[in-house]
Amino acid sequence: MRIPLIAGNWKMFKTTKEAVAFAEEFKKLYKDTDVRAAICAPYTQLTALKAAFEGTGIAVGAQNVHFEVQGAYTGEISSAMLEEIGVDYCIVGHSERRQYFNETDETVNKKLHQLFSTEIVPILCVGEVLEERDAGKEFEVVKTQMEGALAGLTGDQVSRLVVAYEPVWAIGTGRTASPEQANEMCAYIRKVIEDLYDEEVCDRVIIQYGGSVKPSNATEIMNMDEIDGALVGGASLIPADFMEIINF
Ligand code: 13P
């Protein structure tokens, strides 16, 4: 049984003061459900959010990590630093990092290896850009990203993984993939994992959809058979909207 995961990705929004105000309001609205909820916040907000959500079941995630254990990497954050403060999840390979910060399938792969040496669960983002979908290459692109990301990982490790299918053309654009398009790709991702590992592993992987998920479309997306959750950008910044998505 896969427990759906609905995670907010705050990107570079909210100061600590704003994050704590969000947490206080969100806790008032939050009721334990069959869905796991998480907020992936900027590094400087993680400790405050862990404290604010203590005892609630609401998880906290980071949005990036460095792939080395430690070293002379000015400005970077290690998996041990995240683990020490109790971070539950870490997004890896978000399209914004691929686009603006030279994230490649190779660095994504190294980051997954690093995270799997801790208890932190990686949320691996994959997805095609518009030109790739228009050229009918979306499956090929996602397969390449998946194979690159998972290289050298064991079945045990991959069965703990969360994958987020985020078509780049649907992020922050208000343009959502249709529930059928999202479902089709999530099914395809599971098949890629099955081909690389086995049925037992692929049955355990949580596969989310991300891209303009909001209260008005969460129900139809979450009701699709192959979709186990959502990675929510803009709508996760507003407590009532994020709660409505969790209650889809
Ligand atoms: P939006 O929900 O704002 O489109 O962002 C999606 C996203 O990038 C989540 O990681």
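Up top is the structure.
Report on the accompanying structure.

Criteria and cut-off values
Residues numbered from 1 in each chain as written. Predicted model: local features only at pLDDT ≥ 70, side-chain atom pairs only at ≥ 80, totals over all residues. Heavy atoms only, no water. Axes fitted to C-alpha atoms, helices over the stretch in contact; angles between N-to-C directions. Helix = DSSP H or I, 4+ residues; strand = E, 2+ residues; numbered from the N terminus. Parallel < 35°, antiparallel > 145°, perpendicular 65-115°, else oblique. Left-handed = near helix turned anticlockwise from the far one by under 90°. Contact = heavy atoms within 4.5 Å. Nonpolar A, V, L, I, M, F, W, Y, C, P; charged D, E, K, R; others polar. Pairing = 2+ DSSP bridges. Near = heavy atom within 4 Å. Polar contact = N/O pair within 3.5 Å; in protein donor to acceptor, adjacent residues only side chain to side chain. Areas by Shrake-Rupley, 256 points an atom, 1.4 Å probe, with all protein chains shown as cover. Disulfide = S-S within 2.5 Å. Buried < 20%, exposed > 50% of the residue type's maximum accessible area, 1.4 Å probe, protein only. Arc of directions from axis to C-beta. Phe/Tyr/Trp six-rings, centres within 6.5 Å; stacked < 30°, edge-to-face > 60°. Lys NZ or Arg CZ within 6 Å of the ring centre and 35° of its normal.

## Concerning the packing of helix H7 (residues 138–150) against helix H9 (residues 179–196)
- It is the contact of H7 with H9, at a shortest axis distance of 10 Å, that shows an interaxial angle of 45°. With respect to each other, H7 and H9 are oriented oblique. Every pair of crossing elements has a handedness; the one defined by H7 and H9 is right-handed. Across from Glu138, Phe139, Val142, Lys143, Met146, Glu147 and Leu150 in H7, the residues of H9 making contact are Glu184, Met185, Tyr188, Ile189, Val192, Ile193 and Leu196.
- Within the contact of H7 with H9, the residues separate by chemical class into ten nonpolar, no polar and four charged.

## Points about the sheet that holds strand S3 (residues 59–62)
- The strand order S1-S2-S3-S4-S5-S6-S7-S8 describes a closed barrel built from eight strands, whose pairing is parallel. When strand polarity is set aside, the average angle formed by the axes of neighbouring strands in this sheet is 25°.
- Pairing between strand S6 (residues 162–165) and strand S7 (residues 206–210): four bridges, direction parallel. Residue alanine 164 lies in a different strand from S7, and its bridge partner there is glutamine 208.
- Where helix H12 (residues 239–246) meets the sheet, it contacts strand S1 (5–9), strand S2 (36–40) and strand S8 (229–232), and its direction lies at approximately 160° from that of S1.

## A word on the site of the ligand
- Taken together, Asn9, Lys11, His94, Glu166, Ala170, Ile171, Gly172, Gly211, Ser212, Leu231, Gly233 and Gly234 make up all the residues around the ligand.
- Here an oxygen atom of the ligand sits 2.7 Å away from a polar atom, N or O, in the main chain of glycine 172.
- Relative to its free-state accessible area of 310 Å², the ligand is covered by the protein chains to the extent of 94%.
- For the shell around the ligand, the residue count by class is three nonpolar, seven polar and two charged.

## What about the state of the cysteines?
- Scanning the entire structure with this criterion turns up zero disulfides.
- Cysteine 90 forms no disulfide, and the closest cysteine sulfur to it belongs to cysteine 40, at a distance of 7.8 Å.
- Unpaired in terms of disulfides, cysteine 125 finds its nearest cysteine sulfur in cysteine 40, a separation of 8.8 Å.

## Some points on the side chain of asparagine 64
- Take asparagine 64: it is sitting in the loop between S3 and helix H3 (79–84).
- For asparagine 64, a relative accessible area of 8% translates into the label buried.
- In terms of polar contacts, asparagine 64 uses its side chain to reach the side chain of lysine 111, at 2.8 Å.
- If near-sequence neighbours (up to four positions away) are discounted, asparagine 64 is found in contact with Tyr43, Glu76, Leu82, Cys90, Ile91, Arg97, Glu103 and Lys111.

## Notes on the side chain of serine 79
- Structurally, serine 79 is set in helix H3.
- Accessibility expressed as a relative area gives 2% for serine 79, which makes it buried.

## Brief notes about H12
- Of all the positions in H12, only Pro239, Phe242, Met243, Ile245 and Ile246 are classed as buried. All buried residues of H12 lie within an arc of 155° about the axis, which places them on one face of the element.
- On its buried face, H12 sits against S1, helix H1 (16–29), S2, helix H11 (215–222) and S8.

## Quick word on the packing of aromatic side chains
- Applying the stated criterion across every chain, the model contains eight aromatic pairs.
- Ring plane angle 40° and centroid distance 5.8 Å describe the contact between phenylalanine 26 and tyrosine 30, whose orientation is recorded as tilted. Tyrosine 30 shares its class with phenylalanine 26; the two are buried.
- These aromatic residues form a ring-pair network of at least three members: Trp10, Phe22, Phe26, Tyr30, Phe53 and Phe242.
- Of note, lysine 14 hangs over the ring of tryptophan 10, and the distance from its end group to the ring centre comes to 5.4 Å.
- Directly above the aromatic system of phenylalanine 67 lies the positively charged group of lysine 110, at a separation of 4.6 Å from the ring centroid.

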